[in-house]
Amino acid sequence: MAFASVQKNGGVAITPRTVMRVERPLSVNSGHNTSTGSGGGSNNKPVAGAGAGAGAAVSAPVRPKSASPSSSTAYHRRSSSGSVGKNGFDTTAVPNRVRVAVRLRPRNAEELVADADFADCVEIQPELKRLKLRKNNWDCETYQFDEVLTETASQKRVYEVVAKPVVESVLEGYNGTVMAYGQTGTGKTFTLGKLGEEDCSDRGIMVRAMEDILADIKPGEDTVTVSYLQLYMESVQDLLAPERDNIAITEDPRTGDVSVPGATQVQLQDQSSFVRLLDVGEANRFAANTKLNTESSRSHAILLVQVKKTVRTKPGDRELIVLNENGNGSSQLVKGIRAPTIRRSKLLIVDLAGSERVDKSGLEGHTLEEAKSINLSLTALGKCINALAENSPHVPIRDSKLTRMLRDSFGGTARTSLVVTIGPSPQHRGETASTIMFGQRAMKVENMVKLKEEFDYKSLCRRLEAELDRLVAENERQVKAREDTEDDSARSLEEARQSVFEAERKLASALEKEMAEAVEKHQKDLMEQVQKHQRELADALAARQQEHAHRERLEKQLASQQQELAHCEKHKKDNVNSAQPQHHQRELVEHNSEIMGLRLSLEKECQKREHLEQELRAVKSEASRKSLNGNLQKQSDELLTMRQRLEDELKERERLEEEIRSLKEHIVLLSDEGDEQARRMIEKGGSERSSIGSESPRVSMSKPNHMRDTINGQRATIAKLFEQVGLHKILSLLESEDVDVRVHAVKVVANLAAEEANQEKIVEAGGLGSLLNLLQSSEDETIRRVAAGAVANLAMNETNQELIMAQGGIGLLAQTADDAEDPQTLRMVAGAIANLCGNDKLQIKLREEGGIRALLGMVRSCHPDVLAQVARGIANFAKCESRGAAQGYKTGRSLLIDDGALPWIVANANNDASPIRRHIELALCHLAQHEVNAKDLVAGGALWELVRISRECSREDIRNLAQRTLNASGTFQSELRRLHLVY
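Criteria and cut-off values
Residues numbered from 1 in each chain as written. Predicted model: local features only at pLDDT ≥ 70, side-chain atom pairs only at ≥ 80, totals over all residues. Heavy atoms only, no water. Helix = DSSP H or I, 4+ residues; strand = E, 2+ residues; numbered from the N terminus. Buried < 20%, exposed > 50% of the residue type's maximum accessible area, 1.4 Å probe, protein only. Contact = heavy atoms within 4.5 Å. Areas by Shrake-Rupley, 256 points an atom, 1.4 Å probe, with all protein chains shown as cover. Expected span 1.5 Å × (residues − 1). Salt bridge = Lys/Arg side-chain N within 4 Å of Asp/Glu carboxyl O. Disulfide = S-S within 2.5 Å. Axes fitted to C-alpha atoms, helices over the stretch in contact; angles between N-to-C directions. Parallel < 35°, antiparallel > 145°, perpendicular 65-115°, else oblique. Left-handed = near helix turned anticlockwise from the far one by under 90°. Nonpolar A, V, L, I, M, F, W, Y, C, P; charged D, E, K, R; others polar. Core = buried A, V, L, I, M, F, W, Y, C linked by side-chain atoms within 4.5 Å. UniProt positions renumbered as here; feature names shortened; annotations may be inferred. Pairing = 2+ DSSP bridges.

A. Just the overall build of the chain, in detail. When you go through the chain residue by residue, the secondary structure sums to 31 helices and 22 strands. Considering the chain as a whole, with its 983 residues, one finds that 44% of them fall into the buried category. Taking as baseline every contact in the chain between residues at least 6 positions apart, the subset at least 24 positions apart corresponds to 72%. For the chain, the computed accessible surface area is about 51600 Å², with 51% contributed by carbon and sulfur atoms.

Spelled out as structure tokens, the structure:
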């Protein structure tokens, strides 16, 4: 049961939290004719006091009303059938009650002499966990404990049955207490604080508990800190730093935990250092020589061990949810990082000073005062235990500092184990009985053990910061690698272009050379074929001449035969009348036949010859024509193909050069005309996104018509260029190596960005990234100025604002603002940041990436246009903060005040320039609407400006806003009353 204190009638009333209890007998009186129970006789009286105080009378224990024999039997039946813990504690009854063990001290030398004729007043039954307290030779009282330790029990066994379960609970995350109570000289300090330097088997509970704790923790992850205190004369003193006296005891009002913040805390690394600390503490502890004990402790010693353990997260355990910017839980978990679970537990080992009677101890003087203080604190402890055991509504926990220190041990959330030490001498039977009854009442106290577990958010934060640093470094390396890759790609592209140009040149040269060789070869082959045909023709001519000679010979032979025939005919005529012989006639006939045959043969031969000559000429002509045509056709086809390719390449190159020249002419024509229009569009966009009362220069409704016609003409020209050339080609010129081309191209993009219809197309085509790259990489002031103006135009759209922030635009703008000195460049940059300041979702990120500091840094220019844009950005930012405070998601002081903007705002609140003054007046009104800013505004002198604005501002809406703000703020009203200003 934990108790909460309530002040009542000058005392302390304790309101206990009700816990269901199981009534069971804890003391049994057994005589010769009595059974186990609280028994025995009607002369038993309840114990009135708690502990053996100075001069306290001790009555015999009485059986509680609920402890009937039947209930006692039932209790033993449950104990015998229930489960028993590994260290001997019964875990079936009330597992969280105070566990009590009794230890009997053997007789010392004086008792062996003085009580030689008397039997021990205590009889131990360790197997039954009972002890009998003899009243006389025929009557005794029996008591049941959780453990009964004989005078021969070793220190190791005492530790295992008394303290080890508590130590194991502490290592699991529960608070624990081990306490020794008994008459002076019965071995409490020996049981708890013996160092065992001479004999290691004599090590006490403190040393053995720390051995187990240090063996279980993991170095580097878990920590163990130790404090060693003593309560002397109701004063808490530090045994490790004796100069620290009267240390205060504090209680956590939320959890009720008791702590001693002024005590020395030593973090342990090994067992030897702990033993040295105990040795130092024991040396500083108060002790005195009395009749009952030569080294009697005159103070209560308290060893406070605080254990912090990290619990490994298992699969299925709770994981950390990352919050997004709006505070909503994101479904995406931090990969590989979980909040480590920390268990914080506390172990108290309390060596109480022994109770003693003044008449036996022979105390006087200062030691008598010490004894009184000891007995009073022990009496207060006994009263608290009595109240807890009887479920009393009032527990006097504040009667002593000892009971305050042990608030968590009895009726609290700690697992408590108590060892009561007694002596066997019948001379001290009264003190022994009082000690036994103290233990019996303590066994009725029940605690509510609670696990001390929490998430280690600091460790998680350190791990997340380390992971963030790693990711930032990795991102920087990736950005650097990407830039190097882009540079390499650009160089590779340029090399590829050079290679293509060189290849084209080589190809043209090779084609020309190949054509020359092919023509030369063809001419050579043609000459060879002509010569061959000439030889063949000469051969044919020679054969023809031979045939002609043969023909002439035949003709001559024919002529001679004709002449001979004519002579024969003439001879015939001369001899007509003469008779010729028959054989002459036959010869003539034969001769005529032969002549006719020769004539026919000659004609046939001539015809055949002419036919063969015709065929020969036809064959030669056909063969020559086919061979020549085939070679010429093949070579001509190849030459035509190569010539066509070369002509196509040359035409494409001429077309591209012509297109580039045309673009340059259009860009040069439009670049100078677009500057003024871009400036007007930036100011117009900023004015539209500015809050109430915020103004920027606008185009007057009464502007001359020729100016409007000029703007419309420029827009029509740009739109025509946009349609003819295409956005991608215009954006590609932003990466040209020619500075003039880049300047003209970025001016065209800035003019296109001034039209809302073109902004989405520019962003989709990658124009935003190209503009940001120009801000980052270009060293030309004109390019940076126009690029900043184009970004300002794009920043008029809320979607584009988020893209600009996501691509690191605010950082590039801030860097540009730091590097630039030109007022026009600063005006463009300030206009872009001012547009971003009007987005509620981006305020924290904008401030973290240096947006506000960049705005305040640009006031160094002192140029009115720059100051107007800075004032507009501050007004937009202040309005978003005011809106967030009104809707409940913005708390805390303004980020503008945190970044030091307030002095500049106050100094320029009455600026001569109307745009600057109105923006600043509006910003002050918005800052003043959030009450948490009121004290800073008063301290910075802004209250006087608010009063002036409420009375003198030319804008009625701003003047009314200032009046409402002053009336609604209690801080402003109290300050005005203090200054005797009536408002």
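Okay, back to it.
B. Structural view of helix H10 (residues 429-442). Helix length check: H10, at 14 residues, gives a terminal C-alpha distance of 20 Å against a target of 20 Å (1.5 Å per residue), a fit within 8%. Of all 14 residues in H10, 12 are buried, a share of seventy percent or more.

C. How the structure looks around the pattern of salt bridges. Applying the stated criterion across every chain yields a total of 30 salt bridges. Notably, a salt bridge pairs Asp 822 with Arg 785, separated by 3.9 Å at the nearest N-O pair. With a gap of 37 residues between them, Asp 822 in the loop between helix H20 (809-819) and helix H21 (823-836) and Arg 785 in helix H18 (residues 781-794) connect regions that are remote in the sequence. A residue is classified by how much of its surface remains accessible, and Asp 822, at 26% relative accessible area, is partly exposed. We classify Arg 785 as buried; its relative accessible area is 18%. Among the ionic pairs, Arg 893 bridges to Asp 898, the shortest N-O distance being 2.6 Å.

D. Inspection of the state of the cysteines at higher detail. With the rule as written, the count across this model stands at zero disulfides. The thiol of Cys 925 is unpaired, and the distance to the nearest cysteine sulfur, on Cys 953, comes to 7.5 Å. The buried category is assigned to Cys 925, whose relative accessible area is 0%.

E. Main features of the environment of Arg 964. Checked against the element boundaries, Arg 964 lands in helix H30 (residues 956-968). For the pair Arg 964 and Gln 929, spaced 35 residues apart in sequence, the C-alpha separation works out to 8.8 Å.

F. Structural detail: the packing of helix H27 (residues 914-928) against H30. Where H27 meets H30, the axes come as close as 9 Å, and the angle between the chain directions of the two elements is 25 degrees. Relative to H30, the element H27 is oriented roughly parallel. The way H27 lies across H30 gives a crossing that is left-handed. Contact residues: Arg 918, Glu 921, Leu 922, Cys 925, His 926 and Ala 928 in H27; Ile 958, Leu 961, Ala 962 and Thr 965 in H30. Looking at the contact of H27 with H30 residue by residue, the classes come out as six nonpolar, two polar and two charged.

G. Local environment of the environment of Lys 761. Looking at the secondary structure, you find Lys 761 in helix H16 (residues 756-764). Owing to a relative accessible area of 43%, Lys 761 belongs among the partly exposed residues under this scheme. As a C-alpha pair, Lys 761 and His 728 span 33 residues in sequence and 9.9 Å in three-dimensional space.

H. Main features of unusual backbone geometry. A positive phi is found at Met 233, a non-glycine position, where the angle reads about 55 degrees. Here Met 233 shows up in the loop between strand S10 (223-232) and strand S11 (235-238). For Met 233, a relative accessible area of 34% puts it in the partly exposed group. Although it is not a glycine, Asn 391 adopts a positive phi angle of roughly 55 degrees. The partly exposed category is assigned to Asn 391, whose relative accessible area is 36%.

I. Broad picture of the nonpolar core. Residues Ile 833, Met 858, Val 870 and Trp 904 are the most contacted members of the largest nonpolar core, which totals 93 residues. Contacts of Ile 833, omitting those with residues within four sequence positions, involve Ile 810, Leu 813, Gly 851, Ala 854, Leu 855 and Met 858. Ranked by size, the runner-up nonpolar core spans 51 residues in total, among them Val 258, Ile 374, Leu 378 and Phe 438.

J. Spatial organisation of the UniProt feature "binding site: ATP" (unreviewed entry) in the chain. In the numbering used here, UniProt assigns the feature "binding site: ATP" (unreviewed entry) to Gly 182, Gln 183, Thr 184, Gly 185, Thr 186, Gly 187, Lys 188 and Thr 189. Mapped onto the elements, Gly 182 comes out in strand S9 (residues 176-182). By the secondary structure assignment, Gln 183 is in the loop between S9 and helix H4 (188-193). With residues near it in sequence (within four places) discarded, Gln 183 still touches Lys 188, Leu 292, Gly 354, Ser 355, Thr 421, His 428, Glu 431 and Thr 435.

K. Representation of the pairing of strand S7 (residues 140-144). Burial analysis of S7 places five of its five residues in the buried class, which makes it a mostly covered element. Covered by surrounding structure in S7 are Cys 140, Thr 142 and Gln 144 together with Glu 141 and Tyr 143, the residues of both alternating faces. Direction of pairing for strand S6 (residues 130-134) relative to S7: antiparallel, over a ladder of five bridges. Bridged to Arg 134 within S7 is Cys 140. Hairpin connection between S6 and S7: a loop of five residues separates the two successive antiparallel strands.

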